[in-house]
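# A look at the structure
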Amino acid sequence: NEVGRARCLATKGYTARSHTMSSKRKIEIPVDDDTLEIMPLGAGNEVGRSCVLLRFKGKTVMFDCGLHPAKTGIDSLPYMDCVDDLSTIDLALITHFHIDHAAAVPYLLEHTNFKGRIFMTHPTKAIYKMVVSDYVRVSNIGAEDMLYDERDVLASMEKVELLNYHQELEHNGIKFWCYNAGHVLGAAMFMVEIAGVRILYTGDFSRQEDRHLMAAELPNVKCDILVVESTYGVQEHEPRKTRELRFTQAVHDTVRRGGRCLIPVFAIGRAQELMLLLEEYWQIHTELHRVPIYCGGTMAKRCIAVYQTYINMMNERIRTLYEISNPFDFRHVQYLRSVEEFDDVGASVVIASPGMLQSGMSRELFERWCMDKKNSVVIPGYTVEGTLAKTIMSEPPEITAAAGHLLPLNLSVSYISFSAHSDCVQTSQFVEELKPSNIVLVHGEANEMARLQNKLVQLFSESGVRIFSPANGEKVQLEFPGQKIAKVMGALSEVRPHPGLALSGLVVRSNFQHHVMAPQDLPVFTDLRSSVLQQRQRVHYSAGLKVLEGQLRGMFDGVTLSPPEDQPAPEGRKLTVYGSVVLQEEARGEILLQWETSPSNDMVADAVLCLLLQSEASPAAAKLYSQLHTPCGDHKSKPSAQPTPGDGTPPARESTPPAGQEPVKVEGVKTENGHDGSSTADAGRVDAVRKVLQNQFGDVMVSDCGQIVTVTVDDADATADLRTGELTGNNDALQARLMAALMRVNAVVYP
């Protein structure tokens, strides 16, 4: 994992202790990408600093954000260096309050550029503050290695949002809800749905009910991906009755011989479970009433108020007892504020945190008692490699004290697991009932994870389940191609569908769902509102409206003059092109263009504007060309589709100018059939015309004695008959360009 961290840092240009996010390049994930990506930033082939990143369809979710209990300072953080930009994370979902799942949250919220939302259950948030505050207080590290302080903890509390079990929420297209995980009070399994794909992240969970907690729920919906803990690999937990008997016997044997029994646990969770067990055992065995039981630290006492508040989230046994008396009001268990207040005389039992003997009260008492063989330590939970609790399980002859000197290890060491983690049997049954298509294993040492992966492959190989066990920084990529289906809503849905039916409306995409609706239905079914953008543009034009009308009629069929010539026009006359672009001459020699913006209307307006600018640049050519299209005399028009007023859609058209008009002179061009044009033209000038057009359009063909010019650009073509002024083709924009080019060339070659 450290090699992986170094590699990840090296590829991104970071030093081993740098955690600056401001200079990182933001990488945009395509919204329509069908690749779902899961990457552990912590708890990949290890136990500790749980943090898993999910990316799909441009959305990013972080599950948990904890610290590694065997490391200090920045080395204990998840591999946030592997994230290009933490500000792109939409959600952080915290499963429970333990150090290895939640203690990096103040750092994430107060010392990075994370800008997303963060959620916890009610009990988790209440106890989270106690846990991280206690972590700041008891951490045995220098100020320079502290990741955050008490002010950061308080500031983070203001940003944490709450949710209940089964409460479905949605943020930025991400749906999520949670189930009871059974691990500790308030522990949650999160179900996340993005674009119809469901991912269940279990965090730490237990499918076995204990003295105060319910077993983890089985979700009532299918998930596509299961991200599940593998803490115990292929191990199986002892039956509850058996381990309780072994535990009470080990404690009883120690105090019977006058020894002191140390039980290192997390202050909240297993501590309450063991206090309930010892309280019941002491009540039955009256000979033990003289032996005190202590629960060290103030946090365990303070959290009792939280437990009493959320009795309804515990199992039926506790709820029943609570109706009679408070089961957490212990008669034989006393709370111990500090080691200095402890009257260490004679036999006793002390439940103290932290559970892995890293520091704090449990470490102090262990070093005080480890040399006496009458004493004992009972390890009741999972231990991480690199911690003192893990070291003493192999019973070495001596251990290294926190101060650095060696101490002999003479006390007896027992490991009796009360860990509320899923074992192999529970996990296999959970997978069997849930039937996910893909499984991603996290939160397990590499060997244990590999064993569990092999076991699950054997059990579910026939079902086609894919199983992954990524290391930190390693990406699991899964493809989820989805069909894009649009539902027709509103007025459009009133028309019964039939083959060949053409729908015209707006396609609205929201949270990966598509709907087709009429523009007027937009405010009914969405929070959107339709608006109209009216474009206005003034262009200097000195030739007058009459000349402009001739030019427009030469290019467009749908040109109307209002009011007509035979009617008075007190406010001036207007030209309208295809019922969409209106041109009006203003007193100071300007033409005002107005149109309602749309793709088709904008195209017409661009063509008209091009015509105006070219005409103003060559007024003589403009007048000559407009003479060909003055609306008088005979006017031939080939059949064409008539435009719908106001829709701005130019029809395909062909037009013929009045007969007898003098054409634009481009005679003398060598034709494709070998004939020459009029000998009165200067052949050099005609050749210059062709070259100019070729430079502008590329493919130019001149035919019919040099009177017909055809240009082709990609799939569009336009033809100009210089004798009649007729423009034809399949693209109006190209026709406009050809006409403007001919006018410009005519003004230069034939001044």
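Residues numbered from 1 in each chain as written. Predicted model: local features only at pLDDT ≥ 70, side-chain atom pairs only at ≥ 80, totals over all residues. Heavy atoms only, no water.

### Quick word on a nonpolar patch on the surface
A cluster of nonpolar residues, V488, V495, L501 and L503, forms a patch on the protein surface that exposes about 290 Å² of accessible area. Structurally, L503 is set in the loop between β23 (486–488) and β24 (506–510). (Patch = residues over 30% accessible without salt bridge, like charges linked within 9 Å, V, L, I, M, F, W, Y side chains within 5 Å. Areas by Shrake-Rupley, 256 points an atom, 1.4 Å probe, with all protein chains shown as cover. Salt bridge = Lys/Arg side-chain N within 4 Å of Asp/Glu carboxyl O. Helix = DSSP H or I, 4+ residues; strand = E, 2+ residues; numbered from the N terminus.)

### A few points about the sheet that holds strand β13 (residues 293–296)
In a beta sheet, neighbouring strands are held together by backbone hydrogen bonds and run either parallel or antiparallel to one another. Across the sheet, which stays open at both edges, the six strands sit in the order β14-β13-β15-β12-β16-β19 with parallel pairing between neighbours. Each edge of the sheet is formed by a strand with only one pairing partner; in this case those strands are β14 (333–336) and β19 (412–415). Going across the sheet, the axis of each strand differs from the next one's by a mean of 20 degrees, ignoring polarity. Here two bridges tie strand β12 (residues 260–264) to strand β16 (residues 376–379), and the two strands are oriented parallel to one another. Pairing of L262 across the sheet is with V377, part of β16. Across the sheet, helix α6 (residues 240–256) is in contact with β12, β15 (348–352), β16 and β19; its angle to β12 comes to roughly 145 degrees. (Pairing = 2+ DSSP bridges. Axes fitted to C-alpha atoms, helices over the stretch in contact; angles between N-to-C directions. Contact = heavy atoms within 4.5 Å.)

### Remarks on the confidence of the model for the protein chain
Here the protein chain shows a mean pLDDT of 83. Residues at 70 or above account for 83%. Looking over the protein chain, one finds the lowest element-wise mean pLDDT in strand β31 (residues 636–637), namely 36, and the highest in strand β4 (residues 91–93), namely 98. Ignoring residues within four places in sequence, the model shows residues 1–30, a span with pLDDT below 50, making 54 contacts including any to other chains. In the predicted structure, residues 631–682 sits below a pLDDT of 50 and forms 110 contacts with residues beyond four places in sequence or in another chain. (pLDDT = per-residue confidence, 0-100.)

### Regarding empty space enclosed by the protein
Overall, the coordinates contain five cavities of 30 Å³ or more when judged by the stated rule. In this structure, the second largest cavity spans a volume of roughly 70 Å³. When its residues are assigned to classes, the lining of the second largest cavity shows two nonpolar, seven polar and three charged. (1 Å grid on protein atoms, 1.4 Å probe; cavity = no way out; pocket = protein on both sides within 12 Å on 5 of 7 lines; lining within 4 Å. Points joined across faces, edges and corners; volume = space filled by probe spheres on them. Nonpolar A, V, L, I, M, F, W, Y, C, P; charged D, E, K, R; others polar.)

### Points about the pairing of β15
In terms of burial, β15 is a largely internal element, five of the five residues being buried. Burial of the side chains of β15 extends over both faces: S348, V350 and A352 are buried on one face and V349 and I351 on the other. As paired strands, β12 and β15 are joined by five bridges and run parallel to one another. Looking at the pairing, C261 lines up with V349 of β15. (Buried < 20%, exposed > 50% of the residue type's maximum accessible area, 1.4 Å probe, protein only.)

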